[in-house]
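# Remarks on the overall topology
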Amino acid sequence: MRLGLDIGGTKTDAVAVDHTGVIVDRVRLATGFGPEAVIATALDGVARIAEITGVPVPEFESIGIGIPGQVDVTTGSVWHAVNLGFDELDVGRRLGEALGRDVKVENDVKAAALGAYHLMTVAGPGPAARSIAYLNLGTGLAAGLVIDGRLWRGARGAAGEIGHIPVDPNGVLCACGQRGCLETVASGSAIARQWVSDDPIPARSLLAAAEAGDPEAVAIRSLLIDNIAAAVRVLVLTVDVEVVMIGGGLSNLGEWLLDEVRRVLTSWAVESPFLASLGLDARVQLVPVDFPAAAVGAALVGAPTGAGAVPQNQEEVAAWQK
Ligand SMILES: [Zn+2]
């Protein structure tokens, strides 16, 4: 049994995954704000899963944490987790000391990529994809890459940070210091900035207004969809992943979002035989709304087949079980 936690800005998902990769138990907790509260939330999540499963903490094969921010996977240190209320926290060491065992820490989007890959290859019904990208459309925009079955972090952990590819030289200033980044036009924060409303879910208000014919809303919606499609194109053109799986808060827009992104990709293919040959529209999928990708991925971060590896086929799953 493996244990994974996805520590989000408001909620923390905790799951237990058995040796076949199936989620056997899960709980959801409110995430505390600030360093001490985040550590307490993580410990609470571990204790709750241990209690539900009846597996003592030392007996989990691995315990992994997915967390927003910049993560040093060798030490478990985390930086710039603004939404969690800290700038630097030794998450791995703190949890390791409290639990008396090794705890792996991974960036939440990278962990979700592992979880999405797992869903596609091991838990999913379809043919195994060897390489996938997970495109997270949350407050920000970022991707995680699993290439030939391995999580690809890059030389400095920046692989997949496509939200900071500038797409508009005249665009607004991004938090990263550049101008007109993809994230400034295709993310939850992009919608909130451009479409001010009382609705706690600005995307919902934006889409309703666009549906009613508000020209400003229509323009913002169009910019959003075009640039999500652009993110898919960037991912396929740089690493030629078989599938781009869209997750994160905006993926709750569901089939409507998927249809719109595919419509844009198809329209580009009409203009470009090159893009047409790549079949972009057929490569996009949604992560099921109820699938806790980052928590499952975090559980798999400590898999014994290698750092950041998950079993790549049924033989490796069988090997895992021994
Ligand atoms: Zn940026």
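As the structure is a prediction and not an experimental result, all values here were calculated from the model.

## Structural notes on the sheet that holds strand β5 (residues 70–72)
- The three strands are arranged β5-β6-β7 in an open sheet whose pairing can be described as antiparallel. A strand with exactly one partner marks an edge of an open sheet, and here the two such strands are β5 and β7 (86–89). Going across the sheet, the axis of each strand differs from the next one's by a mean of 5 degrees, ignoring polarity.
- In terms of strand pairing, strand β6 (residues 77–81) meets β7 through three bridges, oriented antiparallel. Across the sheet, residue A81 finds its bridge partner in β7, namely F86.

## A look at the pattern of salt bridges
- One pass over the full model with this rule turns up eleven salt bridges.
- Residue R221 pairs with E211 through a salt bridge whose shortest N-O separation is 3.6 Å. Of the two residues, R221 is situated in helix α6 (residues 215–239) and E211 in helix α5 (residues 202–211); the sequence distance between them amounts to ten residues.
- Because the salt bridges share partners, they merge into one network encompassing D90, R93 and E97.

## So, the sheet that holds strand β2 (residues 11–17)
- Within the open sheet, the five strands sit side by side as β3-β2-β1-β4-β8. Their pairing is mixed. Each of the sheet's edge strands pairs with one partner strand only, and the pair in question is β3 (23–30) and β8 (104–107). Within this sheet the neighbouring strands show an average axis-to-axis angle of 20 degrees, counted without direction.
- Direction of pairing for β2 relative to β3: antiparallel, over a ladder of seven bridges. Residue pairing across strands places K11 opposite A30, the latter belonging to β3.
- In this fold helix α1 (residues 35–53) packs onto β1 (2–7), β2, β3 and β4 (62–67), with an angle of close to 145 degrees to the strand it touches most, β3.

## A few points about the packing of α1 against helix α2 (residues 91–99)
- Put simply, α1 and α2 touch, their axes get as near as 11 Å, and they point 50 degrees apart. By the angle between their directions, the pair α1 and α2 is classed as oblique. With respect to the hand of their crossing, α1 and α2 are arranged in right-handed fashion. Of α2, the residues touching α1 (which contributes E36, I39, A42, L43 and V46) are V91, R94, L95, A98 and L99.
- Of the residues that constitute the contact of α1 with α2, the class distribution is eight nonpolar, no polar and two charged.

## A look at the environment of T238
- As for its position among the elements, T238 is in helix α6.
- Among the residues examined, T238 registers a relative accessible area of 60% and is labelled exposed.
- For the pair T238 and P68, spaced 170 residues apart in sequence, the C-alpha separation works out to 24 Å.
- Looking at T238, its side chain comes within polar contact range of the main-chain oxygen of L235, at 3.3 Å.

## Details of the pairing of strand β10 (residues 141–147)
- Counting buried positions along β10 gives six out of seven residues, so the element sits mostly inside the fold.
- Strand direction decides the pairing type here: strand β9 (residues 132–137) and β10, joined by six bridges, are antiparallel. By the bridge assignment, L135 is partnered in β10 with A143.
- The hairpin turn running from β10 into strand β11 (residues 150–152), its antiparallel successor, is two residues long, and D148 in that turn takes a positive phi close to 50 degrees.

## Remarks on the coordination of the zinc ion
- In the first shell of the zinc ion, the protein supplies H164 (ND1), C174 (SG), C176 (SG) and C181 (SG), at 2.0 to 2.3 Å from the metal.
- Classification of the site at the zinc ion rests on its four donor atoms, whose angles at the metal span 103 to 125 degrees, yielding the label tetrahedral.
- Within one chain, the residues donating to the zinc ion are spaced in sequence as H-x9-C-x1-C-x4-C. Of this pair, H164 sits in the loop between β11 and α4 (188–194) while C174 sits in the loop between β11 and α4; the two residues are ten residues apart in sequence, bridging distant segments of the chain.

## Let's talk about the side chain of D13
- Secondary-structure assignment places D13 in strand β2.
- Only 3.0 Å separates the side chain of D13 from the side chain of R28, close enough to count as a polar contact.
- D13 has contacts with G4, L5, D6, R26, V27, R28, P292 and A295, leaving out every residue within four places of it along the chain.

## A few points about the nonpolar core
- Within the largest apolar cluster, 42 residues are counted, with the highest numbers of intra-cluster contacts made by L135 and I228.
- Of all the elements, α6 adds the most residues to this core, at eleven residues.
- Judged by nonpolar contacts, the second largest core, of 29 residues, contains V27, V38, A81 and L99.

## Details of the domain arrangement of the protein
- When cut into domains, the protein gives domain 1 (2–112 + 293–321) and domain 2 (127–286).
- Taking the mean C-alpha position of each, domain 1 and domain 2 sit 26 Å from one another.

Calculation criteria
- Residues numbered from 1 in each chain as written.
- Predicted model: local features only at pLDDT ≥ 70, side-chain atom pairs only at ≥ 80, totals over all residues.
- Heavy atoms only, no water.
- Pairing = 2+ DSSP bridges.
- Helix = DSSP H or I, 4+ residues; strand = E, 2+ residues; numbered from the N terminus.
- Axes fitted to C-alpha atoms, helices over the stretch in contact; angles between N-to-C directions.
- Salt bridge = Lys/Arg side-chain N within 4 Å of Asp/Glu carboxyl O.
- Contact = heavy atoms within 4.5 Å.
- Parallel < 35°, antiparallel > 145°, perpendicular 65-115°, else oblique.
- Left-handed = near helix turned anticlockwise from the far one by under 90°.
- Nonpolar A, V, L, I, M, F, W, Y, C, P; charged D, E, K, R; others polar.
- Buried < 20%, exposed > 50% of the residue type's maximum accessible area, 1.4 Å probe, protein only.
- Polar contact = N/O pair within 3.5 Å; in protein donor to acceptor, adjacent residues only side chain to side chain.
- Donors = N, O, S within 2.8 Å, 3.2 Å for Na, K, Ca; no water.
- Tetrahedral: all angles 85-135°; square planar, octahedral: opposite > 155°, others 65-115°.
- Core = buried A, V, L, I, M, F, W, Y, C linked by side-chain atoms within 4.5 Å.
- Domains from an automatic or database assignment.

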